[in-house]
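# Observations on chain architecture
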Amino acid sequence: MVTGIHIPEEEILVDILTRLPVKSLLRFKCVSESWKALISDPYFKRKHLNHAKNKLNFQKFLFKTLSPGKGYDFYCASLSPNGLVNDFRRLDRPSVSTSFYGLKVYCCCDALFLIGIHSEYSCYEPTMFFLWNPSTSESMVLPRLGSPLQVSTYGLGYDSISDDYKVLRIDQEGMAPDEILALKSGSWRKIDHPSIRSDGDGFTMFGREYLPFVHGAFHWLGFRSFVNESMDSFSISDETYGRIPLPKNVRIYPESSELSFSPVELGMSILRGMLCLFNNNTIIFNLWIMKEYGVQESWTKLLTISSNGASFILPKYRFSNGETLLWYEVDEIKRITYRTSDGLTDQIWPFNCDDIDPAIITYDGFVYTESLI
């Protein structure tokens, strides 16, 4: 005689609820106190996030717009296997208690966006940071920086060992100590420079938009000189520095004799969970991807296309059909554009949207997973 396997009702409930979108779960908090406690539980939030990361319908693309006389607005759009979907939705703006001149989205991790507030036009460093989850509309102000007078690049990542989110701050010139903020500690802490960041012949960081976070580490391009290129890393858990090998026989930065012809922009990003490296000289844009983390031989040239005069191009997302979403800046007008990986076709996105004036400037596009975190 075969007997049925007994599965506790709460386990069944958790399995059902982890498959639902954030919007529904926020409503279901009102069902009962027990449901509210379950949906608010950190273990459930993490379980829901881990499930959502593997589901395309939980993936969204957030971008910020600036319209003269109207200020900033945030929008999100859905992703499909073949591209971005035009189901634009304007999001509620994050609540900011102080007046400000500018607002910059630096990066995101698990639907938490690191946003800096600039109080003056000439202010290089933000006067205030906060984290914002557009899925839940919740935000929290971060502790103030102890040494704000430097030009820095920031990264946000999750430390699975300590179950904590951390913000890393890297001085772009390598002159000041790096700093890290663990949310549970509530304060910034300086990190002593190791030999990897102080080899005596100067340091300049490229790819200054943000510090890509993957495989438990932050990453950036470091140049001690134009013949000494490196990809540096910082482990979020044990706080150790390392080096990631660059592609063999590839000059990421051109020879000095080429510098006078056109400026070169270098950078890094994350595409489908893999490190990518790119350069652009307003004529040609090159993109490499590291298919196996830390293995030099796994670097693969993914894209070589005409820059079409763009001074700045950032890879944002790679679709399952091979198309890559690229963020363009041409003559200070920023557009979101995606191309197929062979560079033969080119489409401007957004295509048609009555809610978005095509004349407004688009900033800070990021792909994220909707979550309760």
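None of the values given here were measured: they were computed from a predicted structure.

### Things to note about the overall build of the protein chain
For the protein chain, the count of helices and strands is four helices and 26 strands. Within the protein chain, buried positions represent 50% of all 373 residues. Contacts in the protein chain between residues far apart in sequence, at least 24 positions, make up 47% of those at least 6 positions apart. As displayed, the protein chain has an accessible area near 18200 Å², and 52% of this comes from carbon and sulfur atoms.

### Thoughts on the nonpolar core
Residues Leu-114, Phe-129, Leu-142, Tyr-154, Leu-156, Tyr-165 and Val-167 are the most contacted members of the largest nonpolar core, which totals 19 residues. For this core, the secondary-structure elements that each account for two or more residues are strand E5 (102–109), strand E6 (112–118), strand E7 (128–133), strand E9 (152–159) and strand E10 (164–171). Sequence-distant contacts of Phe-129, defined by excluding residues within four places in its chain, comprise Tyr-106, Leu-114, Ile-115, Gly-116, Val-141, Leu-142, Leu-145 and Tyr-154. Judged by nonpolar contacts, the second largest core, of 17 residues, contains Cys-276, Phe-312, Leu-326 and Trp-327.

### Some remarks on the sheet that holds E9
Strands sit in the order E9-E10-E11-E12 across an open sheet of four strands; the sheet is antiparallel. The open sheet terminates on both sides in strands that have one partner only, identified here as E9 and strand E12 (187–191). Between one strand axis and the next, the sheet turns by 25° as a mean value, whatever way the strands run. As paired strands, E10 and strand E11 (residues 178–182) are joined by four bridges and run antiparallel to one another. Its bridge partner being in E11, Leu-168 is matched across the sheet by Ile-180.

### Overview of the sheet that holds strand E20 (residues 284–290)
The four strands are arranged E18-E19-E20-E21 in an open sheet whose pairing can be described as antiparallel. Strands at the two margins of the open sheet, each flanked by one partner only, are strand E18 (265–271) and strand E21 (299–306). Adjacent strand axes in the sheet meet at a mean angle of 20° when their direction is disregarded. As judged from the seven bridges shared by E20 and E21, these two strands associate in the antiparallel manner. Bridge assignment links Trp-288 to a residue of E21, and that residue is Lys-301.

### A word on the packing of aromatic side chains
Applying the stated criterion to the full structure yields 18 aromatic pairs. Relative to Tyr-154, the ring of Tyr-106 has its centre 5.3 Å away and its plane inclined at 75°; by these criteria the two rings are edge-to-face. Taken as a pair, Tyr-106 in strand E5 and Tyr-154 in strand E9 lie far apart in primary sequence, 48 residues in all. Pairing Phe-312 with Trp-327 gives two aromatic rings, centres 5.8 Å apart and planes at 90°, and the pair type is edge-to-face. Placement of Phe-312 in strand E22 (residues 312–318) and of Trp-327 in strand E23 (residues 324–330) is noted, with a sequence separation of 15 residues between them. For Trp-327, a relative accessible area of 5% corresponds to the buried category. One aromatic cluster is present, built from ring pairs that chain together Phe-74, Phe-113, Trp-132, Tyr-210, Phe-366 and Tyr-368. Positioned over the ring face of Tyr-158 is Arg-46, at 3.8 Å from the centre of the ring. Directly above the ring of Tyr-106 sits Lys-104, whose terminal nitrogen or CZ lies 5.3 Å from the centroid.

So, how was this worked out
- Residues numbered from 1 in each chain as written.
- Predicted model: local features only at pLDDT ≥ 70, side-chain atom pairs only at ≥ 80, totals over all residues.
- Heavy atoms only, no water.
- Helix = DSSP H or I, 4+ residues; strand = E, 2+ residues; numbered from the N terminus.
- Buried < 20%, exposed > 50% of the residue type's maximum accessible area, 1.4 Å probe, protein only.
- Contact = heavy atoms within 4.5 Å.
- Areas by Shrake-Rupley, 256 points an atom, 1.4 Å probe, with all protein chains shown as cover.
- Core = buried A, V, L, I, M, F, W, Y, C linked by side-chain atoms within 4.5 Å.
- Pairing = 2+ DSSP bridges.
- Axes fitted to C-alpha atoms, helices over the stretch in contact; angles between N-to-C directions.
- Phe/Tyr/Trp six-rings, centres within 6.5 Å; stacked < 30°, edge-to-face > 60°.
- Lys NZ or Arg CZ within 6 Å of the ring centre and 35° of its normal.

Nothing here speaks to function; it is geometry throughout.
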